Amino acid sequence: MEFRVLGPIEAYVDGAAVPVGGPKPRTLLALLAVHAGRVVSQDQLVDAVWGEEPPEQTRAAVYTYVSTLRRAFAEEADVLSRNGGGYLLAAELDQVDLHVFTTEVVAGRKALADGDLEEAAARFTAALSVWRGPALGGAQGRWAEGERSRLEELRLAALEDRVDADLAIGRGAALVPELSAAVAAHPLRERLRSQLMLALHQSGRQAEALACYREGRQVLLDELGLEPGQALRSTHDRVLRSDAEPTPPPASPPDAVEVVVVPQRPSQLPFDIADFTGRLDEVTRLSEHLSSTGSAVRLCAISGKPGAGKSTLAMHVAHAVRGHFPDGQLYATLRGVQAVRADPAEVLAGFLRALGVADSAVPAELDERAQLYRTLLADRRVLVVLDDAADERQIRQLLPGSPSCAVLVTSRERLGALGGAAQFGLDVLDDAEAFELLDRVIGGGRASTEPEAAQDIVRLCGRLPLAVRIAGARLAARPQWKLARLADRLRVQRRVLQELTLGDLEVRGSLALSYGGLAERERAALRRLGLLDVSTFGGWLVAPLIDCSPDEGEEVVERLVDAQLLDVVTSDDSGALRYHVHDLTRAFARERGDAEESGAEVRAACTRAAEAWLTLVETAGQRMPHAQFGERGVPSPSPYLDADLADELLADPEAWFDAEQSDLVGVVERISELDLTDIATRLAAALCSSRFSVRNLFGQWWRTHSAALDAARRVGDRTGEARLLSGLGWLRYEQDRFDESSGYFEQALEAYAHTADARGQALARLALSTVRRERGELTKAHESLSLALLELRELDEPHAVAQAEHELGRVLTERGDLDGALETCERTLAAYRSFDDRRGTAIALRSVGIALRAAGRLDEAAQRCEAAVDVLRGLGDRLMSAYAVQALAKVRIRQGRGDAVRSDLLECLATCNDMQDGFGQALLLRTLGELEQAAGRPEVAHRYLERSLQWWDALGLPVWRARTLRDLSSVLVALDDRSAADRAWTEALSIFERHGSREAREPREPRPQDVLNPA
């Protein structure tokens, strides 16, 4: 095997590249490769891959990525193994390009020290040859960024060492092009510039060498305010003299200027808010850390999203511990998210003046100011508060060096590279704290008098302290307002940010500062997330929204997380990462989207996102064996989802659907609002067939189809309208609302008449026949089926033809043509087996069993029904398993073995109840009644059959009511109520005759071996 990290992260098995997945598995592999042959702890892996926002199930998340890599390594999977508390990449050093590079560099430097210049140059050249571009390509996160910088520094150092060897050999002329490019890329690197000057000098180009020096000096002055260092100045002198000998250093530096200090005790803390509420744990831990003693500066960093109360908490804690710092408190706001940030040099000048340094004695250079600052604080106990830092670079020079001092920093980003800092991530308040804050700000106990409205306000503010404080202040300024009035105003999403404004306090302004600090791609991503109106989403979604690669999209997401505009959450036991947009951030994002995005951009972005979602829904549906409505086709491809990413997302399709469900419904509603009817229709249909029909999620089914149907009708999309009407017809069928179902299918057929969608029309006709059969309209059902079969055969739709043949077999069973029913159902069974459709096969087996039972062939019927039960249970299909068990139980009752299936029937009844299946409950109650009558317990049978009758009446299914009445007539005979039995039988017979059911031709009294009818 071979592992490459000095360029794009790659792995090779037997010389062939293997897939290593997206940014996270690449980062994990890079960390293991950098430490090849050594165990990398679980904590190191989690920190490198997820930073400071790890998933809740970190072990499962790491295991998922490790398993993905091991599968990619195939026969070489053992190279990556679990070891102790971490993982080990058992690769030899020559299998990892980084370690090849390091080995060659060490050898080159030894040769250089030994004076073997040719060997040194060759070794350094070999080391640099393994680089293929910027290191750790495809990895992400702070570890990757830091390691990338470290490796680049190693590369440049090796390059400079090789150039030294080449220059000493006299190859300067050949080095000029390479060194010119290196200096252009690293204009502040003085060693490279010095080497370029020497190479030019060796080439006889003295004037260009001196010009190179002048250019470098100007760059250093412009960028850093510094003169060139001694080494570069020495090279300049050598070139001027055309002399290879270095010039001696200056005799001595000029006398230092004496700094006059009049000691002062600064006290710069802003005021502490009187109504500070909550954060007890953070206040305690911060206070303890800042007031403790030790051998290093005590440094605490508070991070959190805009409006989380970072500055308020910092001020409260600073005042609480100020007694521990009798020599003063320094404070500066660094304006980290504003366009013009505070210059550390200016901040230091202010601190020096506050410490008693005269203006004239403040040094001009940043480094000198920092040195004087640390000197003045060396023996003093001072608290330094740095509010709203942009990043670690802005504050490093502001840190004192004395352990007697302490520093408290706030930032919207987590300052993870701030060594030795105690990190405090600030989330929103909990419910109780947010309620208490609102009550205290309003005053007068008003929140307690309207607790429900107060809770609504807290929720609508997203428990964000700034928002809660503004809401409370508005109510305090309006004592005549009821709290419910403000709650109602906050519910209007497009007004919520306007409502959360008071004086110089506003949530919009706080969010705008963070938004303004983003690059355009991050701003576009946030805007479009707001316009799509998703609250929790998978990171993959950003790629289609901004039309970029999945890797680039994930980088954008991570930068939004760093900016505290997204929160990291986990969705399921697999540890899959998901992201959450705070309600107020989402409102702000939508507001910016409305202002900055054109209608065409919004429609294009939402279409791309919905198409990618459709790919995942269809792929997940293929991996779940229970789809009940519609056809399974090949998932539509998406350029934003490669196979590895799709596999990672859909490792557990059920868990993925659970996590995405609410957003999927919202997305269909949103794209329907935008009149994107084609993708709205396709996504709604795919959701129905893959998920909603399986789980009986009728509310979600109704919302998606209704929204898309309204859009289709607005734009005159008759094809979309017809498909959605068919979906609603099937929804009402699944809900046992057969009259409405029939109406929707009839509307669908009318809409299809205006389209060229012959297949959709045939499938709608097929579905309508099923509804008509359930309603006992057997003649109409047969007519619909005959026409549907003709259409489907002309369309060459073998799977749909099999469905229609199956439905025909069931109609023939109902009408008493048992020979025709068996022939048709057996043909259907063979077709499903040829398709390798296990669920269809099982359902057809059940239908064959029912027809055999009606024909009195009980042993054969039992065999077929048992096979159906086994297959459906193996598929995990609870509802259809219940129907198969019911069919088998009917056979066992006729075989005199009913007691053996009683517990199974009761369990199936509970399943139908759980899944809101009224038809199933009615059917199972009737079967239990039959069982109890056959067992000689007519009183119990009577109760079951009466409950079944109530269901059939509620469902409006007269034939099934008639069948139950016929069963009841036999029970009433056993209970010696002949007149009631006669009335039940007479009503049943009338219904049978009206609907053409086979029972109309059967005798009233059951045969001895058949206590009840075989239906």
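In this report, we go over the structure that sits alongside the text. Computed from a predicted model, the values in this text were never measured in an experiment. (Residues numbered from 1 in each chain as written. Predicted model: local features only at pLDDT ≥ 70, side-chain atom pairs only at ≥ 80, totals over all residues. Heavy atoms only, no water.)

1. Re the pairing of strand β7 (residues 298-304)
When a strand is regular, its side chains alternate between the sheet's two faces. Convention followed: Between buried and exposed lies partly exposed: a residue is buried under 20% and exposed over 50% of the maximum accessible area for its type, with that area taken using a 1.4 Å probe on protein chains only. Here a strand is any run of E in DSSP of at least two residues, a helix any run of H or I of at least four, and the numbering for each starts at the N terminus. Two strands are counted as paired when DSSP detects at least two bridges linking them.
Of all 7 residues that make up β7, 7 are buried, and the element is covered over most of its length. Neither face of β7 is open: one carries R298, C300, I302 and G304, the other L299, A301 and S303, and all of them are buried. Sheet analysis places β7 next to strand β10 (residues 406-411), joined by 6 bridges and oriented parallel. Note on β10: the bridge partner recorded for C300 is L408. Inspection of the sheet shows β7 paired to strand β11 (residues 422-426) by 5 bridges, in the parallel sense. Counted as the bridge partner of A301 is Q423 from β11.

2. A look at unusual backbone geometry
In this structure, D796 takes a positive phi of about 55° despite not being glycine. Counting through the fold element by element, D796 comes out in the loop between α35 (778-794) and α36 (798-815). Given the relative accessible area of 64%, D796 is considered exposed.

3. Overview of the sheet that holds strand β9 (residues 383-389)
In a beta sheet, neighbouring strands pair by backbone hydrogen bonds and run either parallel or antiparallel. How we decide: For helices, the axis comes from a line fit to the C-alpha atoms of the stretch in contact; other axes are also lines fit to C-alpha atoms, and the angle between any two N-to-C directions lies between 0 and 180 degrees. Whether two residues are in contact is decided by their heavy atoms, any of which lying within 4.5 Å being enough.
Spatially, β8-β9-β10-β7-β11 is the arrangement adopted by the 5 strands of the open sheet, whose pairing is parallel. The open sheet terminates on both sides in strands that have one partner only, identified here as β8 (329-333) and β11. With direction set aside, neighbouring strand axes in the sheet form an average angle of 15°. Sheet contacts for helix α11 (residues 280-291): β7, β9, β10 and β11; angle to β7, the most-contacted strand, approximately 155°.

4. Overview of the packing of aromatic side chains
Given two aromatic rings, one states the distance between the centres and the angle between the planes to describe the pair. Basically, it comes down to this: Centres within 6.5 Å make a pair out of two Phe, Tyr or Trp rings, where for Trp the six-membered ring is used; the pair is then stacked when the planes are under 30 degrees apart, edge-to-face when over 60, and tilted otherwise.
Evaluated as defined, the whole model comprises 14 aromatic pairs. With a centroid separation of 6.0 Å and 35° between ring planes, the pair formed by F537 and Y579 is classed as tilted. In this pair, F537 is assigned in strand β14 (residues 536-537) and Y579 in strand β16 (residues 577-580), connecting sequence segments 42 residues apart. Overall, the relative accessible area of 2% leaves Y579 in the buried class. Considering the side-chain rings of F919 and W960, the 5.4 Å spacing of their centres and the 85° angle between planes classify their relative orientation as edge-to-face.

5. Looking at the side chain of R26
What counts is decided by this rule: In this tally Asp and Glu are treated as negative and Lys and Arg as positive; neither His nor the chain ends contributes. Within this document, salt bridges are pairs made up of a side-chain nitrogen of Lys or Arg and a carboxyl oxygen of Asp or Glu, the two lying within 4 Å of each other. In protein, a polar contact requires one atom able to donate a hydrogen and another able to accept it; more generally it is a pair of N or O atoms within 3.5 Å, and residues adjacent in sequence count only if both atoms are side-chain atoms.
Relative to the assigned elements, R26 resides in helix α1 (residues 23-34). This buried residue, R26, is left without a salt bridge; D551 holds the nearest opposite charge, at 4.5 Å. For R26, the side chain forms a polar contact with the main-chain oxygen of G21, separated by 2.8 Å. Setting aside residues up to four positions removed in sequence, R26 forms contacts with I9, V20, G21 and G138.

6. Examining the packing of helix α40 (residues 878-894) against helix α42 (residues 918-934)
What counts is decided by this rule: By the definition adopted for this analysis, an angle is roughly parallel if under 35 degrees, roughly antiparallel if over 145, roughly perpendicular if from 65 to 115, and oblique otherwise. By definition, any crossing whose near helix is turned counterclockwise from its far helix by less than a right angle is left-handed, and any crossing with a clockwise turn is right-handed. Three residue categories are used. Nonpolar comprises Ala, Val, Leu, Ile, Met, Phe, Trp, Tyr, Cys and Pro, charged comprises Asp, Glu, Lys and Arg, and polar comprises the others, including Gly.
Their axes nearest at 10 Å, the elements α40 and α42 cross at an angle of 15°. Taken together, α40 and α42 sit at an angle that is classed as roughly parallel. Seen along the crossing, α40 lies across α42 with a hand that is left-handed. From α40, Y883, Q886, A889, K890, I893 and R894 reach across to α42, where they touch F919, G920, L923, L924, R926, T927, E930, L931 and A934. Tallied by class, the residues present in the contact of α40 with α42 amount to 8 nonpolar, 3 polar and 4 charged.

Geometry only, nothing functional implied.
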